[in-house]
Amino acid sequence: MTFIRVIGFSVALLLFYMGFGHILPQVEPDKSAPVEVSTAGLDMDGMIALGDKLFSGKGTCTLCHNDMGRAPDTLVMDMAATYPERLMDARYKGVSSGKEGAKAIEAYILESMTDPTAFVVEGYGQKGSNDTISPMPAADKAPIELTVVEMNAVTAFLQDLAGLTPTVPLPSADDAPVAEELTGGEAAPLLTSGEAVSDEHGCASCHDLDGSGADLGPSLYGIGKRMSRATVMEAIIDPNAVIAQGYDAGFMPDDFGEAMRGSELLLLTDYLMALPDTAPVTDDDTDEPPATSGLEVADKFGCAGCHDLDGSGADIGPALNGIGTRMTAEQVKQNILEPNAEITEGYEADMMPDYFGDDMAESEIELIVDYLMMLPE
Ligand code: HEC
Ligand code: HEC
Ligand code: HEC
């Protein structure tokens, strides 16, 4: 009954993701799962993706830094040209005063976050302060409270956006909020391969991955050719930032960033980046030994999910009892290998799967035909 079980599972998962989780208590996520993103092991692409998320998320930077004129429109302006001018401004007395280069810009951005009043961009100061006091809240204090690693991530994101190579330090193991400690050792075990991360989070139930053929989201085969590593990471942790053409926003869960550790995100991304251009020809059951009786073959390929077989009572396809009196073995075989060549009267085409010919071992085809031919009426 593999076939039916797989469908049942996918539907349950789908309902869960569509917000019907409450009627499916058995797939409710483990409450002890870590909710903090561990940043240990995150590389620069990961930092950029995290910074991008923080800029519009926890950092609330886009509340003010947008096109409404409350603050410089950071995401749109030419930072690479403007920031060096700020450092040369006679009014600027901050840490990067008179300095040049990417490191000086890194320090300027960080300082803007921790000490906004160190320099107030002309025309943006608090009313009546003559541009000496910034209205921007310090990002490392309440209510924003970004950690050092998070401010570094935002800085990396802005440097990258400005076309500069990010210069921020990468997080070390000491920096990371260790989820295992916070949850008293009950946290989900650390996953150590990209495939395991994909499995754990059900990516293949919406994306064609691992031979699933799912098409609720775009196929991820060949994604390494279409997208940069940083964009793929962003698509995973902030799926609504950019919506793939032809698909709806708000459909892909947007909490993977919280449910995954930094190292898991990296493994998952590397796994996706290395996928071949097209789905490998599926031969799902090659690692399973071939079935050794007709009944086992029927079980393995889920025939009884559609046919009244072995007392299943299913009626999506015609009952197979006594089929040996109606057909020759050759015809039965033909019906299994090419179900759409001839459609049984009263039933529709394309209902019976047409991949058994590819998926079954030669010996399994012989066994299932012999078994069906012997079924009593
Ligand atoms: C409540 C509004 C507000 C929020 C929230 C805010 N900022 Fe600002 N920010 C400003 C204003 C206004 C300025 C211009 C005045 C100044 O230079 O301090 C500014 C200036 C800056 C500058 C210098 C810009 C330049 O053109 O030189 C940077 C960089 C910056 N902010 C980054 C951030 C980041 C990153 C965040 C989120 C963590 C953030 N800001 C959140 C209002 C805000
Ligand atoms: C409930 C269905 C669903 C699940 C589960 C899901 N996705 Fe998606 N995904 C989508 C949809 C729909 C889109 C297209 C809309 C969009 O861009 O947000 C998408 C888009 C993407 C994209 C961008 C692809 C492109 O061509 O633009 C990537 C990368 C991606 N998903 C990776 C993943 C990974 C990795 C997982 C598992 C951790 C996952 N998805 C789980 C539905 C899903
Ligand atoms: C998803 C449902 C489904 C599954 C699973 C399925 N079938 Fe079918 N089958 C059908 C339908 C519908 C028909 C009738 C339409 C047609 O001829 O394609 C059919 C027709 C047949 C026929 C011709 C019967 C006749 O009276 O003409 C045979 C033989 C058959 N299936 C064998 C199998 C075997 C063996 C398996 C398992 C390896 C299987 N089927 C799995 C739906 C299914």
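We now turn to the structure provided with this report. (Residues numbered from 1 in each chain as written. Chains lettered and ligands numbered in written order. Predicted model: local features only at pLDDT ≥ 70, side-chain atom pairs only at ≥ 80, totals over all residues. Heavy atoms only, no water.)

Digging into the overall build of the protein chain
Piece 1. A tally of helices and strands in the protein chain yields 16 helices and 0 strands.
Piece 2. The buried share of the protein chain, taken over its 377 residues, is 38%.
Piece 3. When the accessible area of the protein chain is evaluated, it comes to approximately 20800 Å², of which 56% is carbon and sulfur surface. (Helix = DSSP H or I, 4+ residues; strand = E, 2+ residues; numbered from the N terminus. Buried < 20%, exposed > 50% of the residue type's maximum accessible area, 1.4 Å probe, protein only. Areas by Shrake-Rupley, 256 points an atom, 1.4 Å probe, with all protein chains shown as cover.)

A few points about the environment of Glu377
Piece 1. Position of Glu377 relative to the elements: it lies in the segment after helix H16 (362–373).
Piece 2. You can call Glu377 exposed: its relative accessible area is 76%.
Piece 3. Residues Glu377 and Ile323, 54 residues apart in the sequence, show an inter-C-alpha distance of 7.6 Å.
Piece 4. Ignoring anything within four residues of it in the chain, the contact list for Glu377 reads Asn321, Gly322 and Thr325. (Contact = heavy atoms within 4.5 Å.)

Describing helix H4 (residues 102–114)
Since there are 3.6 residues in each turn of an α-helix, residues three or four apart along the chain are aligned in direction.
Piece 1. Along its 13 residues, H4 runs 18 Å from first to last C-alpha, staying within 8% of the 18 Å computed at 1.5 Å per residue.
Piece 2. Of the residues making up H4, those classed as buried are Ala104, Ile105, Glu106, Tyr108, Ile109, Leu110, Glu111 and Met113.
Piece 3. Contact partners of the buried residues in H4: helix H3 (79–88) and helix H5 (148–161). (Expected span 1.5 Å × (residues − 1).)

Description of the packing of aromatic side chains
Piece 1. Enumeration according to the criterion identifies 7 aromatic pairs in this entry.
Piece 2. Clustering of aromatic rings is evident, with ring pairs tying together Tyr83, Tyr92, Tyr108 and Phe119. (Phe/Tyr/Trp six-rings, centres within 6.5 Å; stacked < 30°, edge-to-face > 60°.)

Focus: the coordination of the iron atom of ligand 2
Each donor-metal-donor angle would ideally measure 109.5 degrees in four-coordinate tetrahedral geometry, or 90 or 180 degrees in six-coordinate octahedral geometry.
Piece 1. Listed as protein donors to the iron atom of ligand 2 are His207 (NE2) and Met252 (SD); their distances from the metal cover 2.0 to 2.1 Å.
Piece 2. Coordination at the iron atom of ligand 2 is octahedral, judged from the 6 donor atoms that bind it and the angles of 86 to 178° they form at the metal. Of this pair, His207 sits in the loop between helix H7 (194–200) and helix H8 (223–226) while Met252 sits in the loop between helix H9 (229–237) and helix H10 (256–259), and the two are 45 residues apart along the sequence.
Piece 3. The class for His207 is buried, based on a relative accessible area of 11%. (Donors = N, O, S within 2.8 Å, 3.2 Å for Na, K, Ca; no water. Tetrahedral: all angles 85-135°; square planar, octahedral: opposite > 155°, others 65-115°.)

So, the environment of Ala102
Piece 1. On the secondary structure map, Ala102 appears in helix H4.
Piece 2. Linking Ala102 and Thr165, residues 63 residues apart in sequence, is a C-alpha distance of 7.4 Å.
Piece 3. The contacts of Ala102, once residues within four sequence positions are left out, are Gln159, Thr165 and Thr167.

Focus: a nonpolar patch on the surface
Piece 1. Together, Leu75, Val76 and Leu161 give the surface a local cluster of nonpolar side chains, amounting to about 260 Å² of exposed area.
Piece 2. Its place among the elements puts Leu75 in the loop between helix H2 (44–56) and H3.
Piece 3. Judged by its relative accessible area of 36%, Leu75 is partly exposed. (Patch = residues over 30% accessible without salt bridge, like charges linked within 9 Å, V, L, I, M, F, W, Y side chains within 5 Å. Salt bridge = Lys/Arg side-chain N within 4 Å of Asp/Glu carboxyl O.)

Some points on the site of ligand 2
Piece 1. Around ligand 2, the surrounding shell holds 28 residues, and the nearest of these are Cys203, Cys206, His207, Ala244 and Met252.
Piece 2. Separating a nitrogen atom of ligand 2 from a side-chain N or O atom of His207 is a distance of 2.8 Å.
Piece 3. Within the contact set of ligand 2, an oxygen atom lies 2.8 Å away from a side-chain nitrogen or oxygen of Arg226.
Piece 4. For the shell around ligand 2, the secondary structure elements donating two or more residues are H8, H9 and helix H11 (262–273). (Near = heavy atom within 4 Å. Polar contact = N/O pair within 3.5 Å; in protein donor to acceptor, adjacent residues only side chain to side chain.)

Considering H9
Piece 1. Listing the buried residues of H9 in full gives Arg229, Val232, Met233, Glu234, Ile236 and Ile237.
Piece 2. Along its buried surface, H9 packs onto H2, H8, H10 and H11.

Re the pattern of salt bridges
Close approach of charged atoms lets side chains of opposite charge pair.
Piece 1. What the rule picks out here adds up to 8 salt bridges.
Piece 2. With a closest N to O distance of 2.9 Å, Asp43 and Arg229 form a salt bridge. Of this pair, Asp43 sits in the loop between helix H1 (2–20) and H2 while Arg229 sits in helix H9, and the two are 186 residues apart along the sequence.
Piece 3. Since its relative accessible area comes to 24%, Asp43 is described here as partly exposed.
Piece 4. The class of Arg229 is buried, set by a relative accessible area of 19%.
Piece 5. Across the pair Asp270 and Arg229 runs a salt bridge, and its minimum N-O distance is 2.9 Å. With Asp270 in helix H11 and Arg229 in helix H9, this pair connects stretches of sequence that are 41 residues apart.
Piece 6. Through salt bridges with shared partners, a single ionic network connects Asp43, Asp45, Arg229 and Asp270.

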